[in-house]
Amino acid sequence: MEETIVFRIKQTLNENDYTAFAKKLKSVKISKIIYFIMALLMVGNAGIMFYIGRYTEAIIFLVIALLILALMFIYPSFIGANLFKNYSKLHNARAITGDVIFCDNQIYDISNNSRMTLQYYQFEKVVETKKYFFLMITKSTGIILKKDSFINGEASQFMQYFLAKSHIKK
C-alpha cells in the first residue's frame, strides 16, 4: 500500500540554518539571560569601584562586562556551528542535503543517503519563525524545515496540519 505524501521538503542546510535553530533552543536562551545578568553585575561592580576611586578595577570590570555581552551574542553561532559540524561528520558531507516527507502516518527524513522514520507522536514542540519550522523531538534535538523548500504542500498550511497530527498544543 502506497502512502500519500502530504508535504515534501527538499532542502540543503548549512551552518546558518543550524545557527537559526540554535537561537531557538531553550538552553541557549537561558545561557543568554545568565550572560546578561553577569554583565549587569560587572557593570554594578564597576560603578562601585568608580565611586570609591578605584578606577583601574572599574575599567577591568567594564571590560569584563563587554566581553560577557560579546559572548552572549556569539554563543548561538558557536552552538550552531558545532551542531552543523557534528551533523556534517555524521553524514560525511559539507552540507546536509535531503528530503523530509510527511505522509499520513509517519515522517521520513532522508539526508545524505541516510533514512530515518519518525512518528508524529515523537515530537514535543514546534517553533515557527519567518524562514523556518523547527520540529522538536527533545529540548535540543529537532528537524529543521526551510519554508522556501516545500515542493509538495504549502508552507502556510503546514503548521495547522502538523499540530493536528502530532497533538502538540501551541
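Presented here is a report on the structure given in the accompanying data block. (Residues numbered from 1 in each chain as written. Predicted model: local features only at pLDDT ≥ 70, side-chain atom pairs only at ≥ 80, totals over all residues. Heavy atoms only, no water.)

Structural notes on the nonpolar core
Core analysis: the biggest nonpolar cluster contains 23 residues, and Tyr18, Phe21, Leu25, Ile79, Leu83, Phe134 and Ile144 have the highest contact counts within it. Those elements that place two or more of their residues in this core are α1 (15–23), α2 (26–51), α3 (55–91) and β6 (132–136). Here this core gets seven residues from one element, more than from any other, and that element is α3. Core analysis: the second largest hydrophobic core is formed by 21 residues, Phe123, Val126, Phe162 and Leu163 among them. (Core = buried A, V, L, I, M, F, W, Y, C linked by side-chain atoms within 4.5 Å. Buried < 20%, exposed > 50% of the residue type's maximum accessible area, 1.4 Å probe, protein only. Helix = DSSP H or I, 4+ residues; strand = E, 2+ residues; numbered from the N terminus.)

Structural notes on the pairing of strand β4 (residues 114–118)
The pairing of strand β3 (residues 107–111) with β4 spans five bridges and is classified as antiparallel. Within β4, the residue paired with Ile107 across the bridge is Leu118. As consecutive antiparallel partners, β3 and β4 are separated by two residues, and within that stretch Asn112 has a phi angle of approximately 40 degrees, a positive value. (Pairing = 2+ DSSP bridges.)

Comments concerning the pairing of strand β5 (residues 125–128)
Residues in a regular strand point their side chains to alternate faces of the sheet. Relative to β6, β5 is paired through four bridges, and the arrangement is antiparallel. The partner of Glu128 across the bridge, within β6, is Phe133. Between the end of β5 and the start of β6, which pair antiparallel, lie three residues.

Here we look at the sheet that holds β3
In spatial order, the strands read β4-β3-β2-β1-β8; together these five strands make up an open sheet with antiparallel pairing. Two strands bound the open sheet, and with one partner strand each, they are β4 and β8 (150–152). Direction aside, neighbouring strands of the sheet carry axes that sit 20 degrees apart on average. In this structure, strand β2 (residues 96–103) lies alongside β3, joined through five bridges in antiparallel fashion. Bridged to Gly98 within β3 is Ser111. Relative to the sheet, α3 contacts β1 (5–13), β2, β3 and β4, its axis offset from that of β2 by approximately 90 degrees. The strands touched by helix α4 (residues 155–166) within the sheet are β1, β2, β3 and β8, with β1 carrying the most contacts at an inclination of about 115 degrees. (Axes fitted to C-alpha atoms, helices over the stretch in contact; angles between N-to-C directions. Contact = heavy atoms within 4.5 Å.)

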